[in-house]
Amino acid sequence: MTEDGAVFGGQNNLHEGLENCIAIYKPKMVSIFTSCMPEIIGDDLVAFLKNARNKGIIPEGCRCRSPIPSFNGSISMATTPC
């Protein structure tokens, strides 16, 4: 994550990374691990993944999941449906 990503959000970087990963490895599932940075700056990973699916970046049949760290000690899961 760069300074631009921290200020403007990381959606474009996430989408570019997903495109590269899926094009090269053609996975059935992609796990995305983050630090607390997305929470701190207010990125909405659930929306980012839905947008990627809507743009065709994530193909049908491929799951994308991201455990989202929480400041409360619990973990939620950002995911896109298959």
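Let me sum up the structure you'll find in this document.

## Points about the nonpolar core
Here is step 1 of the chain: Core analysis: the largest hydrophobic core is formed by 13 residues, its most contacted members being Leu-14, Leu-18, Val-30, Ile-32, Leu-49, Ile-58 and Cys-64.
Here is step 2 of the chain: Counting residues per element, the ones that place at least two in this core are helix H2 (11-25) and helix H4 (45-54).
Here is step 3 of the chain: The dominant element in this core, judged by the number of residues it contributes, is H4, at 4 residues.

## Considering the packing of H2 against H4
Here is step 1 of the chain: Viewed as axis vectors pointing N to C, H2 and H4 meet at an angle of 50 degrees, and their least axial separation amounts to 10 Å. For the element pair H2 / H4, the angle class is oblique. Crossing geometry of H2 relative to H4 is assigned as right-handed. Residues Gln-11, Leu-14, His-15 and Leu-18 of H2 touch H4, and the partners they reach there are Leu-45, Ala-47, Phe-48, Leu-49, Asn-51 and Ala-52.
Here is step 2 of the chain: Broken down by class, the residue content of the contact of H2 with H4 amounts to 7 nonpolar, 3 polar and no charged.

Rules behind the numbers
Residues numbered from 1 in each chain as written. Predicted model: local features only at pLDDT ≥ 70, side-chain atom pairs only at ≥ 80, totals over all residues. Heavy atoms only, no water. Core = buried A, V, L, I, M, F, W, Y, C linked by side-chain atoms within 4.5 Å. Buried < 20%, exposed > 50% of the residue type's maximum accessible area, 1.4 Å probe, protein only. Helix = DSSP H or I, 4+ residues; strand = E, 2+ residues; numbered from the N terminus. Axes fitted to C-alpha atoms, helices over the stretch in contact; angles between N-to-C directions. Parallel < 35°, antiparallel > 145°, perpendicular 65-115°, else oblique. Left-handed = near helix turned anticlockwise from the far one by under 90°. Contact = heavy atoms within 4.5 Å. Nonpolar A, V, L, I, M, F, W, Y, C, P; charged D, E, K, R; others polar.

Geometric values such as these leave the question of function open.
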